[in-house]
Amino acid sequence: MNCLGCRLANKKEPIHLIYENDLISCFLDHDPFNAGHTLILPKDHVEDLDELDEATAQSILKASMNLSKILKLLYKPDGITICQNGGVFSELTHFHLHVVPRFKDQSFATFYSDEPFNNEHLKQRFVTIKNQLKKALNEM
């Protein structure tokens, strides 16, 4: 497992796991844009969207739908952005889908900037946020 994405998805590296099944893992992004910013990764090595098998793709879509519902309930964002950067734009070289709560007056351009986010307050709340999301998902 030389791939960081594979190691993360298979819990060989520390993560704040929210949900998993046989095909995918969902966990908090280590550098969150907002509270609840979650990544969904397949457990098998896949680099791009068009390489996903049907079952994994369906599992990712269902997880993104459930996470979106929970994020709206818990954090009351103005919207949810779901994005995937493939090819040379993927910093993991492993497929990963971002599920990001967004707020109206917040520029998403900073998401793609090389400037660090002002998110230390969110990183300090990883355990609390993880527990909130896990509890809400279990209650669905």
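Located above this text is the structure these notes cover.
Residues numbered from 1 in each chain as written. Predicted model: local features only at pLDDT ≥ 70, side-chain atom pairs only at ≥ 80, totals over all residues. Heavy atoms only, no water.

A.B. asks: It is not clear to me how the overall build of the chain should be interpreted in this structure. Could you clarify?
C.D. replies: Counting secondary structure elements, the chain contains four helices and five strands. In sequence order, the secondary structure elements of the chain are arranged as α-β-β-β-α-β-β-α-α. Over its C-alpha trace the chain gives a radius of gyration of 14 Å, about what one expects of a compact globule, namely 14 Å for 140 residues. On the principal axes, the C-alpha backbone points of the chain span a range of 35 × 35 × 25 Å. For the chain, the proportion of its 140 residues judged to be buried stands at 45%. Residue pairs in contact within the chain that sit at least 24 positions apart in sequence constitute 62% of those at least 6 positions apart. Surface exposure of the chain reaches about 8,100 Å², of which carbon and sulfur atoms provide 51%. Taking the average place of the 15 positive charges on the side chains of the chain and the average place of its 19 negative ones, the gap between the two points comes to 11 Å. (Helix = DSSP H or I, 4+ residues; strand = E, 2+ residues; numbered from the N terminus. Rg over C-alpha atoms; globule rule 2.2 N^0.38 Å. Buried < 20%, exposed > 50% of the residue type's maximum accessible area, 1.4 Å probe, protein only. Contact = heavy atoms within 4.5 Å. Areas by Shrake-Rupley, 256 points an atom, 1.4 Å probe, with all protein chains shown as cover. Lys, Arg positive; Asp, Glu negative; His and termini not counted. Charge placed at Lys NZ, Arg CZ, Asp CG, Glu CD.)

A.B. asks: Honestly, the sheet that holds strand β3 (residues 38-42) in this entry has me stumped. Any pointers?
C.D. replies: Each strand in a sheet pairs with another by means of backbone hydrogen bonds, the pair being arranged parallel or else antiparallel. If you trace the five strands from one edge of the open sheet to the other, you get β1-β2-β3-β5-β4, paired in antiparallel fashion. Bordering the open sheet on either side are β1 (17-20) and β4 (79-83), each of which pairs with just one other strand. Pairs of neighbouring strands in the sheet enclose a mean axial angle of 20°, with direction left out of account. Two elements, β4 and strand β5 (residues 97-102), share five bridges in a ladder whose sense is antiparallel. What sits directly across from Ile-82, in β5, is Val-99. (Pairing = 2+ DSSP bridges. Axes fitted to C-alpha atoms, helices over the stretch in contact; angles between N-to-C directions.)

A.B. asks: Quick question: what am I supposed to make of the pairing of β1 here?
C.D. replies: Within a regular strand, side chains alternate between the sheet's two faces. Alignment of β1 against strand β2 (residues 24-28), held across three bridges, turns out to be antiparallel. Paired with Glu-20 across the bridge in β2 is Ser-25. Between β1 and β2, which follow one another and run antiparallel, lie three residues.

A.B. asks: How should I be thinking about the packing of aromatic side chains in this particular structure?
C.D. replies: Two measures describe an aromatic ring pair: the distance that separates the ring centres and the angle between the ring planes. For the structure on display, the rule yields two aromatic pairs. Ring centres of Phe-33 and Phe-108 lie 5.2 Å apart, and the angle between their planes is 80°; this geometry places the pair in the edge-to-face category. Residue Phe-33 is located in the loop between β2 and β3, and its partner Phe-108 is located in the loop between β5 and α3 (120-123); the two are separated by 75 residues in the primary sequence. Residue class for Phe-33 comes out buried when judged on its relative accessible area of 7%. With a centroid separation of 5.3 Å and 75° between ring planes, the pair formed by Phe-33 and Phe-117 is classed as edge-to-face. (Phe/Tyr/Trp six-rings, centres within 6.5 Å; stacked < 30°, edge-to-face > 60°.)

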